[in-house]
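# Understanding the architecture of this molecule
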Amino acid sequence: MSSAIETRDLTKRFGGLVALDGVNLQAGAGETLGIIGVNGAGKTTLMNCICGLYRPDSGDVFVGGERVTGRPPHVIAHHGIGRTFQVPRVFRKMSLIDNLLVPVLDRAASDSELVGRAEAMLERMQLIELRHNYAEELSGGQQKLLEMARMLMPDPAIVMLDEPFAGVHPVLCKFMIERIEETARAGKVVLLISHDLTSIYRLSSRVVALNQGRIIAEGGVDDIRGNPAVIEAYLGT
């Protein structure tokens with residue numbers, strides 16, 4: 001497999017706490033890699049190190065074979081990485097259209113072309129009727145859809161989703177799952193963190209299980225579902 005994203009011996013400490021302890025993973029185009037683990041396992045820290053919000057203490061991150069370790073988030077984003085957050089980070093006092101235009105303002109395209117792309121993305125997320133509303137007027141689930149739409153606007157090759165289903169109504173959750181499947185079919189790498197194991201198992205081609213900053217299991221859904229180390233991490237001995 002040709003890796004679009006790869007980490008090698010990625011380690012991150014916060015004082016005496018080792019949040020990541022030599023994490024090695026890779027994922028290729030069109031693959032959805034599920035990342036699971038209990039709270040504090042290191043899942044979000046892993047994403048933060050990949051996208052440049054955290055600088056790892058050791059180890060490396062490669063995007064398309066190029067080392068991007070320690071580069072600023074905006075530089076790494078230009079290498080084709082987009083991400084969402086557990087709590088949506090939308091521009092609350094801006095309209096939905098303007099939210100989507102922010103990450104593409106530096107693109108060589110006319111204003112009308114960019115607005116057209118933004119409207120098409122909002123149509124895809126079933127938010128087009130609210131395009132002139134402020135983001136703060138949306139429900140929590142709709143804000144997650146808006147953040148996903150904004151993240152997809154620059155057409156990143158690697159999509160990182162941190163707990164996209166948390167606190168989302170089941171009907172909206174089903175809609176988000178369909179959008180994620182659509183994204184993977186378009187050939188993008190999807191890194192998916194979720195406590196919703198049903199969705200993880202449906203979406204993932206492979207799953208990585210973290211515990212105390214280490215990978216304790218990796219493989220297909222059936223391998224992970226019955227793995228004793230994963231069961232112990234979630235349920236105890």
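All residue numbers refer to positions counted from 1 along the written sequence of the respective chain. Whole-chain, interface and lining totals are the exception, using all residues; otherwise, since this is a predicted model, local features are given only for residues with pLDDT of at least 70 and side-chain atom pairs are given and counted only at 80 or more. The side-chain values count all of the structure's non-hydrogen atoms but skip hydrogen atoms and water molecules.

With that settled, consider the pairing of strand E7 (residues 158-162). Most of E7 is tucked away, with five of its five residues classed as buried. Relative accessibility under 20% of the residue-type maximum defines a buried residue, over 50% an exposed one, and the middle range a partly exposed one, all with a 1.4 Å probe and only protein chains included. Secondary structure elements follow DSSP: runs of H or I no shorter than four residues count as helices, runs of E no shorter than two count as strands, and numbering proceeds from the N terminus. Side chains of E7 alternate between two faces, with Ile158, Met160 and Asp162 and Val159 and Leu161 buried alike. At least two bridges found by DSSP between two strands is the condition for calling them paired. Here three bridges tie strand E6 (residues 81-83) to E7, and the two strands are oriented parallel to one another. Across the sheet, residue Gly82 finds its bridge partner in E7, namely Val159. Both E7 and strand E8 (residues 189-193) contribute to a ladder of five bridges, which runs parallel. Considered in E8, the bridge of Val159 is made with Val190. The handedness of the E7 to E8 crossover, carried by helix H6 (residues 170-185), is right-handed. Viewed with both strands pointing away, a crossover whose connecting path from the first strand over the helix to the second turns clockwise is right-handed.

With that settled, consider the packing of aromatic side chains. Paired rings are identified among Phe, Tyr and Trp, the last through its six-membered ring, by centres lying within 6.5 Å, and are further divided according to the angle between planes into stacked (under 30 degrees), edge-to-face (over 60) and tilted (the rest). Within the structure shown, the criterion is met by one aromatic pair. With 5.4 Å between their ring centres and 75° between their planes, Phe14 and Tyr54 make a pair best called edge-to-face. With a gap of 40 residues between them, Phe14 in strand E1 (residues 3-14) and Tyr54 in the loop between helix H1 (43-51) and strand E4 (58-63) connect regions that are remote in the sequence. Relative accessible area serves as the criterion here: at 37%, Phe14 is assigned to the partly exposed category. Looking at Tyr54, the relative accessible area reads 30%, which means it is partly exposed. Just above the ring of Phe62 sits the side chain of Arg8; from NZ or CZ to the centre is 4.0 Å. The positively charged end of Arg83 is found above the aromatic ring belonging to Phe85, 4.1 Å away from the centroid. Criterion for a charge above a ring: Arg CZ or Lys NZ at most 6 Å from the ring centre, at most 35 degrees from the ring normal.

Here the focus is helix H9 (residues 228-235). Regarding H9, its N-cap is Asn227, as a side-chain oxygen of that residue lies 2.9 Å from the backbone nitrogen of Ala229 further along. Once H9 ends, the next one or two residues include Gly236, with phi positive near 85°. Here a polar contact is recorded for every N or O atom pair within 3.5 Å, except that within protein the pair must consist of a potential hydrogen donor and a potential acceptor, and residues adjacent in sequence are included only if both atoms are side-chain atoms.

All right, on to the pairing of E4 then. One ladder, built from two bridges, connects E4 with strand E5 (residues 66-67); its direction is antiparallel. Of the residues in E5, the one forming a bridge with Val63 is Glu66. Between E4 and the antiparallel strand that follows it, E5, lie two residues; Gly64 among them carries a positive phi value of about 60°.

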